[in-house]
Structure formats: structure tokens, C-alpha cells
Amino acid sequence: SDKIPSNMVVQLQNREGEELGDSMDLPTNSSIDDLSELVHSLLEAEEKMPYSFYAKVQRNGLTDDLEVTTTLADLILQEGISTEDVLTLTYQPLAIFRVRPVTRCTDTMPGHTEAVLHVSFSPHGKALASGGGDTTVRFWDVNTSLPKFTCMGHKNHVLCTAWSPDASRFASADRNGVLILWNPTTGKIMGRPIRAHSKWITSIAWEPLHANASGERLATSSKDGTIKVWNARTQKSFVTLSGHLDSVECVKWGGQGLLYTASRDRTIKVWTAEGNDVGKLVRTLKGHAHRINTLALSSDYVCRTGPYDHRGHLYKGIEDKQKAAKQKYQDYVGGEDERLVSGSDDFTMFVWTPKVDKHPVKRLTGHQQAVNHIAFSPDGRYFCSGSFDKKAKLWNGKSGDFLLTLTGHVGAVYQIAWSPDSRYLVTASKDSTAKLWEVPSGKRAKETLPGHADEVYALDWSPNGSSVATGSKDRTIKIWKH
């Protein structure tokens with residue numbers, strides 16, 4: 001550090017760009033803790049919070065936000081930043097609550113008679129649902145790990161499932177194109193099975209609660225090339241989105257009033273989805289050379305969990321729920337546009353800001369085979385991709401820069417799930433194990449979660465942080481805790 005001066009001028013700002021205090025002369029050996037102390041005192045905040053810091057740096061004529069990972073001096077040296085100019089540092093609060101890493105299997109839940117294809121915790125983490133090749137949907141009691149309801153209604157494999165963000169409904173869809181809405185508290189079908197599509201249903205997405213207090217709209221995508229938007233109460237589809245030339249593999253309902261759909265036709269389409277204005281094509285995103293398998297949104301987690309967080313507060317009515325969901329969403333986005341990442345059979349991924357631009361932010365290469373699944377960390381700072389090449393890769397959630405490869409699985413990586421505090425992730429693999437990794441340090445797996453007798457297809461981490469569920473071809477679900 002003899003090459004750089006002992007001090008430099010820094011201007012702190014929040015994510016909306018509002019400056020905090022005047023520009024200050026700070027020691028270049030300041031660490032993240034030192035900077036956090038400073039923000040804490042300038043904000044005159046009651047409780048101490050951890051922060052992350054991003055330096056605004058010009059690279060090839062573009063402004064990049066680079067995270068300070070150790071000290072200012074290290075970043076200055078790594079990036080060749082001029083100490084003559086004022087360095088703008090953006091601070092962002094990190095999760096205060098800590099999730100403990102899961103290390104042991106507490107329960108093995110038999111019941112399914114074929115492969116378990118999906119497991120998902122409800123938005124408040126108080127219920128668990130699964131779907132499988134045996135055509136059943138099952139609800140489980142998370143406290144006792146005993147079955148609550150076995151739900152018959154599908155006549156073919158349950159291919160996708162999704163909880164409504166207020167946790168009052170659970171949707172499942174099958175290989176025959178049938179959509180069923182379930183009441184999770186009774187295990188009964190709401191209304192009747194809906195013949196939704198002429199071919200199998202690939203994906204389900206609920207409208208986020210912050211965008212619509214009714215919480216009763218959802219979208220389905222299908223191999224028949226269409227996307228339909230439904231009212232769960234009336235069970236009617238009020239708009240069909242057509243334009244894709246082949247099977248639609250994935251639909252996402254974003255936080256900014258847009259629907260995103262990815263297809264085998266190699267394109268992603270962006271549609272309006274706000275109020276009564278649903279289903280107008282906004283733009284088509286092109287770049288992939290092969291079919292697109294998966295989409296991930298930086299706002300997926302905040303939209304999925306609606307009003308709920310780790311504190312487990314339960315709300316009286318839907319108005320209270322929506323108010324809380326709105327507040328949580330606004331705190332989360334801080335004025336930034338949501339980012340979309342797409343993964344393809346062409347082994348690549350693209351990062352997009354689809355609300356504002358049809359051109360990708362970045363093309364990501366590195367996987368040697370098709371990308372199966374991508375998941376953003378709940379705080380949006382990272383995303384992780386899993387591939388048939390047996391690797392998971394960690395990327396910077398803002399710039400798309402590659403961070404590291406998670407090596408250890410000896411079979412394809414099928415699924416990824418993050419802990420709610422974004423400090424750990426779990427991967428599920430064909431090799432019959434799940435692995436726990438620490439982020440962002442973890443090149444080697446912190447724990448291997450063994451015990452399944454066959455491929456692990458399904459995975460979720462409870463939004464309240466306490467447990468992980470895995471579902472396998474061996475027909476069992478396992479619960480993992482600290």
C-alpha cells in the first residue's frame with residue numbers, strides 16, 4: 001500500500017442517490033466495519049446495522065458499481081482507481097437477522113409413490129407443499145413433519161406448483177394442461193380442475209401482492225405456445241398472450257407491472273401486467289442461440305414472500321397484508337429497476353433490465369453444458385446458476401460479473417435455494433445429495449446433506465430461515481435443520 005496515499009475524499013450516498021453528509025477525507029485503509037460505523041453515526045440511527053458499500057467506477061465509458069469487500073485501499077489497487085477524484089460510495093443495508101446453516105436431517109417424510117418433483121414452503125414458512133409424478137399434491141405440517149392432506153385431482157404428473165403471496169391459495173398444474181387451485185388449510189379443491197391449456201403447463205406465476213390487493217391473479221405458461229392470465233376466484237382466464245413460436249418454458253410476474261416469458265423459440269417477451277392493462281407486448285429480448293430454460297428476477301424473493309418476513313408477523317386482513325407487502329417491496333428496490341437473468345441450452349446466460357432496454361446488460365459464459373436453474377439471493381446482491389456440467393456458479397447480481405465456481409457435485413445441479421439472509425445457498429443434484437455453501441466465500445461446500453437414495457429434484461429453504469426441504473426420485477422428502 002506504499003503506492004497509494006493514506007487518505008482520500010469519499011462521498012457517501014444511499015441507493016436513491018441522496019448524499020449522506022458532505023464529502024469526507026477518509027483513511028484508505030478503512031474497512032467495511034469502519035464505513036458502517038461512519039454511516040451509523042451520520043444517520044444517527046438507533047440500532048447498529050451492517051451495510052454493504054459499492055464504489056462508482058468508470059470502466060470502458062460505463063459506470064460500474066463495485067463492491068468494497070475488504071478495505072478501500074484493496075479496491076483502489078485492484079481497480080486502479082484514481083485517489084485524486086472524489087470516490088462515490090453507495091451504502092446498502094444488509095439483513096440483520098442471521099440464519100443458521102442447516103447441517104442435519106431431522107425428518108424423512110414418505111408418502112409420495114413416485115418421484116417428488118416440487119417442494120415449496122408457504123410465504124410465511126408455516127406450511128410445506130409438494131407435488132410429484134404420482135399425480136398428487138401433498139401438504140405437510142412443518143412443526144411435526146407429518147402429512148396434513150393428500151390431494152387427488154390431477155390425472156398426470158404435477159409439473160409445477162406455486163403459493164399465492166398471501167398464502168391463501170396453492171396452485172398446481174400437470175402434464176395434461178390442467179390447473180388446480182387448492183385451499184391449503186383444508187386440502188380441498190377451490191372450484192374445480194381447470195382445463196387451462198391444450199398441452200402441458202410448464203410454469204405458474206402469481207401477481208405480487210404489492211401490485212394488487214386482491215392477490216387472486218396468476219399466469220400459466222404452456223408447451224402449447226401460449227400464456228394465460230387467470231382470476232383465481234372466478235377461475236376464468238381473461239387474457240391469452242400469444243406471439244411465441246414454440247413452447248413457453250417459463251413465466252415470471254415481476255414487481256414493476258410486467259410479465260416475462262421465455263420460450264423454446266429463443267426469445268423472451270415482456271408484456272404489460274398492471275391493473276386492467278394486461279397482455280400488451282412491450283418488447284422482445286433476443287440473444288440466445290438455443291431454447292431458454294429458466295428465468296430469474298432480482299425481485300423474485302421479495303415478491304414470493306409478500307408481506308411476510310422472518311419475524312413471523314401474521315396480518316388481520318388482505319389490506320394489512322398489501323400495505324406490508326408494498327412497504328417491504330419499496331424498501332427492497334430502493335428506486336432500482338428489476339434485473340432479469342435468462343439461462344439456456346446454449347450454455348450461456350444473459351442479464352437484462354427489461355423494463356428499460358431490449359439489449360442485454362451482459363452475456364455470461366462459463367458453463368460447459370445447459371443451464372438448469374438460476375436463483376437470485378433474496379437481497380439481490382448475487383445470483384447463482386446450476387448446470388448439467390455438475391457446477392454451480394456465483395455471479396454479481398448487479399453487474400453480472402463472475403465471482404466463483406462451486407465445485408463438488410458429481411452429477412448435474414438441478415436446483416438452487418438461498419437462505420433468507422442471503423449468506424448461504426443449497427444446491428440439489430442428480431448425485432443424490434444436496435450441498436450447503438457459504439456466500440460469497442464458499443468454493444468448497446460447507447456441508448454435504450446425504451441420505452437420499454436417488455436424484456434430488458426438488459429443493460426449498462423456508463422463508464423464516466429455520467429449515468430446508470429436499471425432494472427426491474426416491475419418493476421421500478427430507479427436512480434439514482441446524
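Being a predicted model, the structure only gives us computed values, none of them experimental.

Visitor: Talk me through the pattern of salt bridges; I want residue IDs and the actual numbers.
Guide: One pass over the full model with this rule turns up 17 salt bridges. Among the ionic pairs, Asp460 bridges to Arg304, the shortest N-O distance being 2.7 Å. Of the two residues, Asp460 sits in strand β36 (residues 456–461) while Arg304 sits in helix α3 (residues 300–304), which places them 156 residues apart along the sequence. Take Arg304: its relative accessible area is 26%, and that puts it in the partly exposed class. With a shortest N-O distance of 3.6 Å, Glu438 and Lys446 are connected by a salt bridge.

Visitor: With reference to specific residues and values, describe the layout of surface pockets.
Guide: Size it by volume and the second largest pocket reaches roughly 1,300 Å³. Lining the second largest pocket are 44 residues, and of these Pro93, Ala95, Lys328, Asp331 and Tyr332 sit closest to its centre. Of all the secondary structure elements, the ones that give two or more residues to the lining of the second largest pocket are β5 (87–93), α3 and α4 (318–333). Per-element tally for the lining of the second largest pocket: the top contributor is α4, with seven residues.

Visitor: Lay out the sheet that holds strand β21 (residues 258–263) in plain terms, naming residues and giving numbers.
Guide: Spatially, the four strands line up as an open sheet ordered β20-β21-β22-β23, and their pairing is antiparallel. What marks the edges here is a single partner per strand, and that holds for β20 (248–253) and β23 (277–286). The mean inter-strand angle of the sheet, taken between neighbouring strand axes irrespective of direction, is 20°. Taken together, the seven bridges between strand β22 (residues 267–274) and β23 define a ladder with antiparallel strand orientation.

Visitor: Tell me about the environment of Gln11, residues and numbers included.
Guide: If you trace the backbone, Gln11 turns up in strand β1 (residues 7–13). In this view, Gln11 contacts Glu19, Leu20, Gly21, Asp22, Ser23, Val86, Leu87, Thr88 and Leu89; residues no more than four positions away in its chain are not counted.

Visitor: An account of empty space enclosed by the protein is requested, with residue identities and associated values reported.
Guide: Considering all chains together, one arrives at one cavity of 30 Å³ or more under this definition. Volume-wise, the largest cavity comes out at about 40 Å³. Considering the residues around the largest cavity, the lining is formed by Met109, Phe121, Leu128, Trp140, Asp141, Val142, Ser145, Ser467, Ile479 and Lys481. Of all the secondary structure elements, the ones that give two or more residues to the lining of the largest cavity are β9 (137–141) and β38 (477–481). In the lining of the largest cavity, the residues fall into six nonpolar, two polar and two charged.

Visitor: Before we move on, could you go through the state of the cysteines and cite the residues and values that matter?
Guide: Counted by the stated rule, this structure contains zero disulfides. Free cysteine: Cys303, not disulfide-bonded; nearest cysteine sulfur from Cys250 at 14 Å. Not part of a disulfide, Cys384 finds its nearest cysteine sulfur in Cys250, a span of 17 Å.

Reading the values: the criteria
Residues numbered from 1 in each chain as written. Predicted model: local features only at pLDDT ≥ 70, side-chain atom pairs only at ≥ 80, totals over all residues. Heavy atoms only, no water. Salt bridge = Lys/Arg side-chain N within 4 Å of Asp/Glu carboxyl O. Helix = DSSP H or I, 4+ residues; strand = E, 2+ residues; numbered from the N terminus. Buried < 20%, exposed > 50% of the residue type's maximum accessible area, 1.4 Å probe, protein only. 1 Å grid on protein atoms, 1.4 Å probe; cavity = no way out; pocket = protein on both sides within 12 Å on 5 of 7 lines; lining within 4 Å. Points joined across faces, edges and corners; volume = space filled by probe spheres on them. Pairing = 2+ DSSP bridges. Axes fitted to C-alpha atoms, helices over the stretch in contact; angles between N-to-C directions. Contact = heavy atoms within 4.5 Å. Nonpolar A, V, L, I, M, F, W, Y, C, P; charged D, E, K, R; others polar. Disulfide = S-S within 2.5 Å.

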